[in-house]
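Architecture and fold: a report
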Amino acid sequence: MLTISNVTKHYGERRVLDEVSFEVGRGRLTGFVGGNGAGKTTTMRIILGVLGADAGEVSLDGSPLTREGRRRFGYMPEERGLYPKMKVHEQLVYLARLRGMRAGVAAAKADELLERLELHERRDEPIEKLSLGNQQRAQIAAALVHEPEVLVLDEPFSGLDPMAVETVLGVLSERAARGVPVLFSSHQLDVVERLCDDIVVIADGRIRAAGTRDALREANAGSQWELQVGDDAAWVRALAEVDVIEFDGGYVLFEADAHGAQLVLQQAAQRGEVQRFAPRRPTLTEIFREVVQ
Ligand SMILES: Nc1ncnc2c1ncn2[C@@H]1O[C@H](COP(=O)(O)OP(=O)(O)OP(=O)(O)O)[C@@H](O)[C@H]1O
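Because the structure is predicted, anything quoted here is derived from the model rather than measured. (Residues numbered from 1 in each chain as written. Predicted model: local features only at pLDDT ≥ 70, side-chain atom pairs only at ≥ 80, totals over all residues.)

What to know about the overall build of the chain
The number of helices and strands found in the chain is 10 helices and 14 strands. Taken along its principal axes, the extent of the C-alpha atoms in the chain is 75 × 45 × 30 Å. A sequence separation of at least 24 residues applies to 67% of the contacts in the chain between residues at least 6 apart. (Helix = DSSP H or I, 4+ residues; strand = E, 2+ residues; numbered from the N terminus. Contact = placed C-beta atoms within 7 Å.)

Overview of helix α6 (residues 162-177)
Spanning 16 residues, α6 covers 22 Å between terminal C-alpha atoms, matching the ideal 22 Å at 1.5 Å per step. Listing the buried residues of α6 in full gives Val 168, Leu 172, Arg 175 and Ala 176. For α6, the arc enclosing every buried residue in end-on projection is 100°, short of the 170-degree limit, so these residues lie on one face. Among the exposed residues of α6, those pointing more than 90 degrees away from its buried face are Pro 162, Met 163, Glu 166, Gly 170, Glu 174 and Ala 177. Looking at the buried residues of α6, the elements they touch are β3 (29-33), α5 (132-144), β7 (150-153) and β8 (182-185). Two residues or fewer past α6, Gly 179 is found with a positive phi of approximately 100°. (Expected span 1.5 Å × (residues − 1). Buried ≥ 20, exposed ≤ 12 C-beta atoms within 10 Å, placed from the backbone. Arc of directions from axis to C-beta.)

Some remarks on the sheet that holds strand β5 (residues 63-64)
Here 4 strands make up an open sheet; going across it, the order is β2-β1-β4-β5 and the pairing antiparallel. Strands at the two margins of the open sheet, each flanked by one partner only, are β2 (14-24) and β5. Pairing analysis gives 5 bridges linking strand β1 (residues 2-11) to strand β4 (residues 55-60), with the strands arranged antiparallel. Bridging across to β4, Thr 8 finds its partner in Ala 55. (Pairing = 2+ DSSP bridges.)

Points about the pairing of strand β11 (residues 224-229)
On β11, burial follows the alternation: Trp 225, Leu 227 and Val 229 on one face are buried, whereas Gln 224, Glu 226 and Gln 228 on the facing-out side are not. Both β11 and strand β14 (residues 274-279) contribute to a ladder of 5 bridges, which runs antiparallel. When the sheet's bridge partners are listed, Val 229 is paired in β14 with Val 274.

Looking at the packing of helix α3 (residues 88-98) against helix α4 (residues 103-116)
Look at α3 against α4: their axes get within 9 Å of each other, and the N-to-C directions meet at 130°. Relative to α4, the element α3 lies oblique. Considering how the two elements wind past one another, α3 and α4 form a crossing that is right-handed. Contacts between α3 and α4 involve Val 88, His 89, Leu 92, Val 93, Ala 96 and Arg 97 from the first element and Ala 103, Ala 106, Ala 107, Lys 109, Ala 110, Leu 113 and Leu 114 from the second. Per-class residue counts for the contact of α3 with α4 are 10 nonpolar, 1 polar and 2 charged. (Axes fitted to C-alpha atoms, helices over the stretch in contact; angles between N-to-C directions. Parallel < 35°, antiparallel > 145°, perpendicular 65-115°, else oblique. Left-handed = near helix turned anticlockwise from the far one by under 90°. Nonpolar A, V, L, I, M, F, W, Y, C, P; charged D, E, K, R; others polar.)

Describing the nonpolar core
Leu 92, Ala 141 and Val 145 are the most contacted members of the largest nonpolar core, which totals 65 residues. Residue contributions to this core peak at 6 residues, all from α5. By size, the runner-up hydrophobic cluster in this structure holds 11 residues, among which are Val 236, Val 252, Phe 254 and Ala 261. (Core = buried A, V, L, I, M, F, W, Y, C linked by C-beta atoms within 7 Å.)

Some details on helix α9 (residues 258-271)
Helix length check: α9 (14 residues) gives 20 Å between terminal C-alpha atoms against 20 Å at 1.5 Å per residue, within 8%. Restricting attention to buried positions, one finds in α9 the residues Ala 261, Val 264 and Ala 268. What you see down the axis of α9 is that its buried residues fit within an arc of 60°, all on one side. Residues of α9 that are exposed and point over 90 degrees away from its buried face: Ala 258, His 259, Gln 262, Gln 266, Ala 269 and Gln 270.

A word on the UniProt feature "domain: ABC transporter" (unreviewed entry) in the chain
UniProt's entry tags residues 2-229 with the feature "domain: ABC transporter" (unreviewed entry), counted in the numbering of this structure. As annotated, residues 2-229 comprises 36% helix and 29% strand, and the C-alpha atoms at either end are separated by 46 Å. (UniProt positions renumbered as here; feature names shortened; annotations may be inferred.)

Re unusual backbone geometry
The phi dihedral of Asp 61 falls on the positive side, at around 50°, and the residue is not glycine. With respect to the element layout, Asp 61 can be found in the loop between β4 and β5. Positioned with a positive phi, Glu 147 is a non-glycine residue whose angle comes to about 55°.

Considerations on the packing of α3 against α5
Interhelical geometry of α3 versus α5 gives an angle of 25° and a closest axis separation of 9 Å. As the angle between them shows, α3 and α5 are arranged roughly parallel. Considering the relative orientation of α3 and α5, their crossing is right-handed. Packed against α3, whose contacting residues are Val 88, Gln 91, Leu 92 and Leu 95, the element α5 presents Ala 138, Ala 141 and Ala 142 at the interface. Classifying every residue of the contact of α3 with α5 by side-chain character gives 6 nonpolar, 1 polar and no charged.

Okay, here's the thing in structure tokens:
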């Protein structure tokens, strides 16, 4: 497990990270979300050791990270930075070799990844000749080619079309399934919500929420409820204890306290078949709005 403990960072007088703590579990995809300037890139750079923290610690399985340990990390930086004139495959092999991989293994890994990321036909083209989406895939390949033990990716999905998002997600999920902690930042909350096991929300340099997706949705569930009955549910609108938000035939979304919700359930059961009754879980976008305020 990758553990970030009480990391604080200042730029001049400005505190851009304030006691940031969270964990990235093995075998899990963890989404790191926050608005522009929230502190995601700074945190990731500190994890990678590219930037020093003023205070706090990053450890892997309980041991503080060393320079040597970080060589086994895979990082896709925000500023990207492959060599524009170097051919895709050649570049991947070069990067893998820098991390100590033998030439033959590096070449095989590069081919395998290019195949997997559907970039194989471009293997001998210089990076600068690729479309932006394909450059992005090459960047992802560069972060993965040396079989890293930990993966940290800054906005890996930005600029990818929906098919490419699925392809990249497949590759990252495979790595996670092999026990690699995977942390990636994203502005695309719908993508994070769909893809991630765990979510970390940062705003103004402070962690506002962290945990499994389901636990976050549970914890931030308000007082909204959903009812689906076999017959018409118009009667719910007449109850004083309830505010109906949405109504469509047998479906009602309403707001009520626990007592009001029980009343609705009892009446629904007396009237006929209850097909579904549950608190409504908020979407990640709603949670995000709530916790960053
Ligand atoms: N080198 C620097 N010198 C001074 N301030 C910096 C520097 N790098 C980042 N900052 C500031 O630190 C804060 C956090 O920036 P950071 O890049 O970590 O945010 P982010 O969450 O990655 O944002 P984005 O989603 O826009 O990339 C911002 O207010 C930014 O202006």
